[in-house]
Amino acid sequence: MTTAIAISGVDKIFPTPNGTVVALKDIQLEIESGQFVCLLGPSGCGKSTLLNAVAGFSLPDRGLITVNGKPVTQPGPDRGMVFQEYALFPWMTVAQNVGFGLEIKGTPAANIRTQVSALLKLLKLSEFGERYPRELSGGMRQRVAIARILALDSPILLMDEPFGALDALTRRSLQDELLRIWSELGKTVLFVTHSIEESIFLADRIVVMTYRPGTIKRDIRVDLPRPRDSAAPEFNQLKRELSELVLSEQALHEAAERLALTTD
């Protein structure tokens, strides 16, 4: 397997009115091509900060991130980003939203129609191509957002809690859809979540991060066969192990918040 993402000695520091905050400290991580990796941890542990650094939106203060051997210095077409907010253009139809990136790239109109049609079919959106985002449910809008990123054919998908705002049933449905697409297309996925169960259901590897400064506490390979059964003993054993790891970091987060309130 080739290395798709390599993160070496990465630090990220943010200035605040009360001094500097070390968001990430000495992150070392390699992700192989085609792997599905989840970043797991409580709020404030630097998961999204690390994802944004891989995306090229915010460069590290120290260390190096490479994608397919090339240093990350800015966003690029080799990495597609899916956010929790759908960020669709409300004045465009579903088909127009999905094809927007292709249009910007100068793809011929006939090719755009063909690719958009294939993606709408892949995401089970074929009958919604002429609808507008306001006419869709939250889950459907997120399908459109994923289709729009897939249209660019980036080999790496970066996903920042994309299902966090959805109800439980819709979330599970989209998790199934994402795994199906990942299996069919062979993308490398780096997925941020604070849901322990979601990380076990989706990932080949779960990278647990510590509360500030964000470091890698554990890197756990998930060897459970797919499709995964959340009622299986092995699933729940791993859930208990991860719960202990994450809850200890959550306790540090809550203690820091209490301290901040008493010192303000």
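Above this text sits the structure in question.
A brief structural summary. (Residues numbered from 1 in each chain as written. Predicted model: local features only at pLDDT ≥ 70, side-chain atom pairs only at ≥ 80, totals over all residues. Heavy atoms only, no water.)

As for the state of the cysteines
By the definition in use, this model includes zero disulfides. Note on C38: no disulfide assigned, nearest cysteine sulfur contributed by C45 at a separation of 13 Å. (Disulfide = S-S within 2.5 Å.)

Regarding the packing of aromatic side chains
Tallying each qualifying case throughout the model produces six aromatic pairs. Each ring, one from F163 and one from F191, has its centre 5.9 Å from the other, and the planes form 55°; the classification is tilted. Highlighted residues: F163 in the loop between β7 (156-160) and α5 (168-185) and F191 in strand β8 (residues 188-193), separated in sequence by 28 residues. Accessibility assignment for this pair places F163 and F191 in one class, buried. Linked through ring pairs, F36, F163, W182 and F191 together constitute an aromatic cluster. (Phe/Tyr/Trp six-rings, centres within 6.5 Å; stacked < 30°, edge-to-face > 60°. Helix = DSSP H or I, 4+ residues; strand = E, 2+ residues; numbered from the N terminus. Buried < 20%, exposed > 50% of the residue type's maximum accessible area, 1.4 Å probe, protein only.)

Side note on the sheet that holds strand β3 (residues 36-40)
Here six strands make up an open sheet; going across it, the order is β6-β7-β8-β3-β9-β10 and the pairing mixed. A strand with exactly one partner marks an edge of an open sheet, and here the two such strands are β6 (79-82) and β10 (216-221). Strand-to-strand, the axes of this sheet are offset by a mean angle of 15°, without reference to chain direction. As judged from the five bridges shared by strand β9 (residues 205-209) and β10, these two strands associate in the antiparallel manner. The residue of β10 that forms the bridge with V208 is R218. (Pairing = 2+ DSSP bridges. Axes fitted to C-alpha atoms, helices over the stretch in contact; angles between N-to-C directions.)

Points about the side chain of Q142
One can find Q142 in helix α4 (residues 138-151). Among the polar contacts made by the side chain of Q142, one reaches the main-chain carbonyl oxygen of F83 at a distance of 3.2 Å. When near neighbours in sequence (up to four residues on either side) are disregarded, Q142 contacts V82, F83, Q84, Y86, P162, F163 and L174. (Polar contact = N/O pair within 3.5 Å; in protein donor to acceptor, adjacent residues only side chain to side chain. Contact = heavy atoms within 4.5 Å.)

Let's talk about the nonpolar core
The biggest cluster of nonpolar side chains holds 54 residues, and the ones touching the most others in it are F36, V98, F191 and L242. Counting residues in each nonpolar core, the second largest holds 26 residues, with I5, I7, V54 and V67 among its members. (Core = buried A, V, L, I, M, F, W, Y, C linked by side-chain atoms within 4.5 Å.)

Some words on the sheet that holds strand β4 (residues 62-67)
Spatially, the four strands line up as an open sheet ordered β2-β1-β4-β5, and their pairing is antiparallel. What marks the edges here is a single partner per strand, and that holds for β2 (19-32) and β5 (70-71). Judged from the two bridges that link them, β4 and β5 form a sheet pairing that is antiparallel. Residue pairing across strands places T66 opposite P71, the latter belonging to β5. Packing of helix α1 (residues 47-55) onto the sheet brings it into contact with β1 (3-16), β2 and β4, and relative to β1 it is tilted by some 120°.

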